[in-house]
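The residues making up each chain are set out below.
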Amino acid sequence: DTAVSQTPKYLVTQMGNDKSIKCEQNLGHDTMYWYKQDSKKFLKIMFSYNNKELIINETVPNRFSPKSPDKAHLNLHINSLELGDSAVYFCASSPSQGVNTEAFFGQGTRLTVV
Amino acid sequence: QKEVEQDPGPLSVPEGAIVSLNCTYSNSAFQYFMWYRQYSRKGPELLMYTYSSGNKEDGRFTAQVDKSSKYISLFIRDSQPSDSATYLCARKRGETSGSRLTFGEGTQLTVNP
């Protein structure tokens, strides 16, 4: 039983293409996130949704558009892909309240733009 | 200045060694700190969580927070090859903001048999 699952696991695409990454969690959490990890392993938050509502939008190019159809799903659509978008994208989820709101991460989607 | 700074390493130690991993943070208002472990080609997983100064122990792992010097440490006793991974320190912004995390750059650790 995978807690946070992302698809696809690997994605290789050409510059200028549009692609989507899907994420689903079965933990009953109401907050979901997208993080980006660069080649130096630096992990940085991109977006956060709470009950389908966007609550965090870091300085991310507007080519990136998250969509949350329900609180168990958070997808990431990327338009006009650039070489610099190559990274590993992690979806995560957590409860929104409480002290110990551990974030559970998916396995990541390794995006390579060529 | 980055909010959380961490020496990226890499760090290579023999099996059985005591490992010390360190981070510094810039904002004294930070209260909640975490250590995540990330194996190669996997997502990060929570290892230790602390929200106060002092030590927190869990088996071979000890997390230490020194708020006066803004220093976070993770100690691994009797290190094992299975501890080889990237260790990420993080701080959580507040209690009611879910788990929005700011990470350090991660330290890559290799424990050699």
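Use the structure listed above.
Chemist: Even after reading the chapter, I still don't get the sheet that holds strand 1 (residues 4-7) of chain A, so can you show me in this structure?
Modeler: Sheet strands pair by backbone hydrogen bonding; their relative direction is either parallel or antiparallel. All names here are of chain A. The strand order 1-3-8-7 describes an open sheet built from four strands, whose pairing is antiparallel. Strands at the two margins of the open sheet, each flanked by one partner only, are strand 1 and strand 7 (64-70). When the angles between neighbouring strand axes are averaged without regard to direction, this sheet yields 20 degrees. For strand 1 and strand 3 (residues 19-25), the ladder comprises four bridges, and the chain directions are antiparallel. Looking across to strand 3, one finds that glutamine 6 is bridged to cysteine 23.

Chemist: Can you help me understand the interface of chain B and chain A in this one?
Modeler: In this assembly, 24 residues from chain B lie in contact with 26 residues from chain A. Regarding the contact of chain B and chain A, the summed buried area is about 2100 Å², with carbon and sulfur atoms giving 51% of it. At the boundary of chain B with chain A, the tally comes to zero salt bridges. In this assembly, chain B and chain A are joined by three residue pairs in polar contact (both at pLDDT 80 or more). Counting residues per element, the ones that place at least two in the side of chain B that touches chain A are strand 4 (32-38), strand 5 (45-50), strand 9 (85-92) and strand 10 (101-103) of chain B. For the side of chain B that touches chain A, the element with the highest residue contribution is strand 4 of chain B, accounting for four residues. Residue composition of the side of chain B that touches chain A, by class: ten nonpolar, eight polar and six charged.

Reading guide: rules and limits
Residues numbered from 1 in each chain as written. Chains lettered and ligands numbered in written order. Predicted model: local features only at pLDDT ≥ 70, side-chain atom pairs only at ≥ 80, totals over all residues. Heavy atoms only, no water. Pairing = 2+ DSSP bridges. Helix = DSSP H or I, 4+ residues; strand = E, 2+ residues; numbered from the N terminus. Axes fitted to C-alpha atoms, helices over the stretch in contact; angles between N-to-C directions. Contact = heavy atoms within 4.5 Å. Buried area = accessible area lost by both parts, 1.4 Å probe. Salt bridge = Lys/Arg side-chain N within 4 Å of Asp/Glu carboxyl O. Polar contact = N/O pair within 3.5 Å; in protein donor to acceptor, adjacent residues only side chain to side chain. Nonpolar A, V, L, I, M, F, W, Y, C, P; charged D, E, K, R; others polar.

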